[in-house]
Amino acid sequence: MILPTPLELTRTAGEFVLDRDTAVQAGDGAGSAAALLRTLLAPATGLPLPLAGDGAVQLALTGGTGEGYRLSVTPEGVRLTAATPAGLRHGVQTLRQLLPPEALSPHPVTGTVWRLPGVEITDAPRHGWRGALLDVARHFQPLPFLLRAVDLLALHKLNVLHLHLTDDQGWRFPVDAYPRLVEVGSRRSRSMVGQAGSAEYDDQPHQGAYTKGELAELVRYAAVRGVTVLPEIGMPSHTRAALAAYPALGNRPDRQLDVWTEWGVCENILGVHEPVLDFCRTVLGEVTDLFPSRYVHLGGDECPTVEWEQSPAAVTRAAELGLASPKELHGWFLGQVGSYLLENGRNPVCWAEDSTSALPPEFAVMPWRDGDHGLAAARRGHDVIMAPHRSTYLDYPQRDHPDEPVGQAGVVVDLATVHANEPTPSHWTEAERGRVLGTQAQFWSEFIATQDAFDHLAFPRLAALADRAWNPASGYTTDFLPALPGHERRLAAFGVRAGR
């Protein structure tokens, strides 16, 4: 019936019908949730749902912590209670799903009776971090695409939008102190249409960047729906777009690079001279001015060190720091920029690889190559967000079939595999599992150039990830699959063109 599957749901007798006479009673602190309810239901239903002291739909805060909620629907009315506004927002999304699927339509719907079945629901999430990464660096997506994605995340009670803003193939974040990052770094001359190494191109320029006003609107829109926007500015690797704009940031300042037109791992990386660190701090300062997220992602993975090994300046820097080789500059570099974030009240996040073992424990890490990297990080005292590619990379094909669009090579991530994603494996100790903040899906965008491409890859797999991130007791065949047909009707009403 509901996705994610509630912890406890009991059907009761009768129903309640929302109509033009229905009013909402919002207790102290519940006004924002009442406004969200009206905002979400108005496009399809046209119902005003005004505030009234004796409204039949009651929203109330009980005090306390956590994201749990209780929802009761009887023939007399609706009562939604939660300890926090976050819990009320989740309850609003559940209430929305209890209505006929047409309630999710962005357009007016006529001839539908807005019935809520009688239920008693007690619900709360397993993990506090439930998210999805959108890569807007390889293929830029305009603000309306992101706002729609926020709505889809919130519908599934996912609360983190991880926004991958920079990479070798494009720089999308405006930095006042470095305008050429957008003027030069946001445009590439062509894009690959095949997989990495295919040498197949479309020969069409691709460009795009956000204004600070657009990003501020995204942050505001997401916050209303209970979603935090986590910005990612990759360093010291995945920076060729920045190097194209400012060659002096590189290891060969006399060389003019273009914005990369390939997929894969680029060997061009930032240098380690002091002006580069000043650049990183300045960029991150503008990032933190705009994004209130407690966490800021620094990327940090897939960092070839051949340029450092060939750079006299990098070799000298490594020797001065007492490092065994220039390769060890990777951990040192991330530690330097991470310290800037920590000093300014933010927590740095990095992708977890073997080379991140030197990071301070204040870094949160995202293991993606192997879940064992997450276990090792937890044992070193890091907070962990599990993102193993074999179960959370939803840019991978969902089936091995000739009709499946071109995608990442080598791994098929089907629906059952995504639902089986387990952020806290049973063989971990209780203390190790306690370091896990949660999990998230990844949508790297080499092959996600359009909304339809995103929908095809995201659904229904994102619903599967959200289900287990919320409720570990949800069974694939006993809970998720029986609920899926009804949920797919909701998604279709919303306008999603799912891949199944």
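A short tour of the structure in this document, coming up.

Rules of the game
- Residues numbered from 1 in each chain as written.
- Predicted model: local features only at pLDDT ≥ 70, side-chain atom pairs only at ≥ 80, totals over all residues.
- Heavy atoms only, no water.
- Axes fitted to C-alpha atoms, helices over the stretch in contact; angles between N-to-C directions.
- Helix = DSSP H or I, 4+ residues; strand = E, 2+ residues; numbered from the N terminus.
- Parallel < 35°, antiparallel > 145°, perpendicular 65-115°, else oblique.
- Left-handed = near helix turned anticlockwise from the far one by under 90°.
- Contact = heavy atoms within 4.5 Å.
- Nonpolar A, V, L, I, M, F, W, Y, C, P; charged D, E, K, R; others polar.
- Buried < 20%, exposed > 50% of the residue type's maximum accessible area, 1.4 Å probe, protein only.
- Arc of directions from axis to C-beta.
- Pairing = 2+ DSSP bridges.
- Core = buried A, V, L, I, M, F, W, Y, C linked by side-chain atoms within 4.5 Å.
- Phe/Tyr/Trp six-rings, centres within 6.5 Å; stacked < 30°, edge-to-face > 60°.
- Lys NZ or Arg CZ within 6 Å of the ring centre and 35° of its normal.

Some details on the packing of helix α7 (residues 274-290) against helix α10 (residues 329-343)
Logical step 1: For the pair α7 and α10, the least separation of the axes is 10 Å and the interaxial angle reads 40 degrees. Considering their axes alone, α7 and α10 lie oblique with respect to each other. When the axes of α7 and α10 are compared, the crossing they make is right-handed. Residues Val276, Leu277, Cys280, Arg281, Leu284, Gly285 and Thr288 of α7 lie in contact with α10, whose contacting residues are Trp332, Phe333, Gln336, Val337, Tyr340 and Leu341.
Logical step 2: In the contact of α7 with α10, the residues fall into nine nonpolar, three polar and one charged.

Some details on the environment of glycine 27
Logical step 1: For glycine 27, the position within the fold is in the loop between β2 (24-26) and α1 (31-45).
Logical step 2: Sequence separation between glycine 27 and leucine 59 is 32 residues, and the spatial gap between their C-alpha atoms is 6.1 Å.

Let's talk about helix α9 (residues 312-320)
Logical step 1: Of the residues making up α9, those classed as buried are Ala314, Arg317 and Ala318. Buried residues of α9 fall within an arc of 100 degrees about the axis and therefore sit on the same side. Opposite the buried face of α9, by more than 90 degrees, sit the exposed residues Pro312, Ala319 and Glu320.
Logical step 2: For α9, the elements touching its buried residues are α7, α8 (306-310) and α10.
Logical step 3: Looking at the residues trailing α9, positive phi occurs at glycine 322, about 75 degrees.

A closer look at the pairing of strand β8 (residues 160-164)
Logical step 1: Among the five residues in β8, five count as buried, and that is most of the element.
Logical step 2: Residues Val160, His162 and His164 of β8 are buried on one face, and the alternating residues Leu161 and Leu163, pointing to the opposite face, are buried as well.
Logical step 3: Bridge count between strand β7 (residues 129-135) and β8: five bridges; the pairing is parallel. In the sheet register, alanine 132 faces β8, and the bridge partner there is leucine 161.

Comments concerning the nonpolar core
Logical step 1: Counting residues in each nonpolar core, the largest one holds 110 residues, and the members touching the most others are Trp171, Phe173, Leu181, Phe333 and Phe443.
Logical step 2: With ten residues, helix α3 (residues 143-155) is the largest single contributor of residues to this core.
Logical step 3: For phenylalanine 333, the residues in contact, after removing those within four places along its chain, are Met235, Pro236, Leu270, Gly271, Val272, Val276, Leu277 and Cys280.
Logical step 4: Listed in part, the 34 residues of the second largest apolar core include Phe16, Leu36, Leu37 and Trp470.

Describing unusual backbone geometry
Logical step 1: The residue after leucine 3, namely proline 4, is reached through a cis peptide bond having omega 0 degrees.
Logical step 2: In this structure, proline 4 sits in the segment before β1 (8-18).
Logical step 3: Residue proline 460 follows phenylalanine 459 across a cis peptide bond; omega there is 15 degrees.
Logical step 4: Here proline 460 shows up in the loop between α15 (451-458) and α16 (461-470).
Logical step 5: One non-glycine residue, aspartate 203, lies in positive phi territory at about 55 degrees.
Logical step 6: Along the chain, aspartate 203 turns up in the loop between β11 (187-188) and β12 (206-207).
Logical step 7: In this structure aspartate 203 comes out as exposed when scored by relative accessible area, which is 52%.

A short note on the packing of aromatic side chains
Two measures describe an aromatic ring pair: the distance that separates the ring centres and the angle between the ring planes.
Logical step 1: Inspection of the entire model under this criterion finds 13 aromatic pairs.
Logical step 2: Residues tryptophan 171 and phenylalanine 279 carry aromatic rings whose centres are separated by 6.4 Å and whose planes lie at 50 degrees to one another, so their mutual orientation is tilted. Of this pair, tryptophan 171 sits in strand β10 (residues 170-171) while phenylalanine 279 sits in helix α7; the two residues are 108 residues apart in sequence, bridging distant segments of the chain. In terms of burial, tryptophan 171 and phenylalanine 279 fall into one category: buried.
Logical step 3: When the centroid spacing of 6.2 Å and the interplanar angle of 55 degrees are considered together, the rings of tyrosine 393 and tryptophan 444 count as tilted. With tyrosine 393 in the loop between α12 (389-392) and α13 (415-419) and tryptophan 444 in the loop between β18 (436-443) and α15, this pair connects stretches of sequence that are 51 residues apart. No difference in accessibility class separates tyrosine 393 from tryptophan 444, as the two residues are buried.
Logical step 4: One aromatic cluster is present, built from ring pairs that chain together Trp351, Trp368, Tyr393, Tyr396 and Trp444.
Logical step 5: It is arginine 190 that lies over the ring of tyrosine 201; its NZ or CZ is 3.6 Å from the centre.
Logical step 6: Stacked on the ring of tyrosine 221, the Lys or Arg arginine 225 has its end atom at 3.5 Å from the ring centre.

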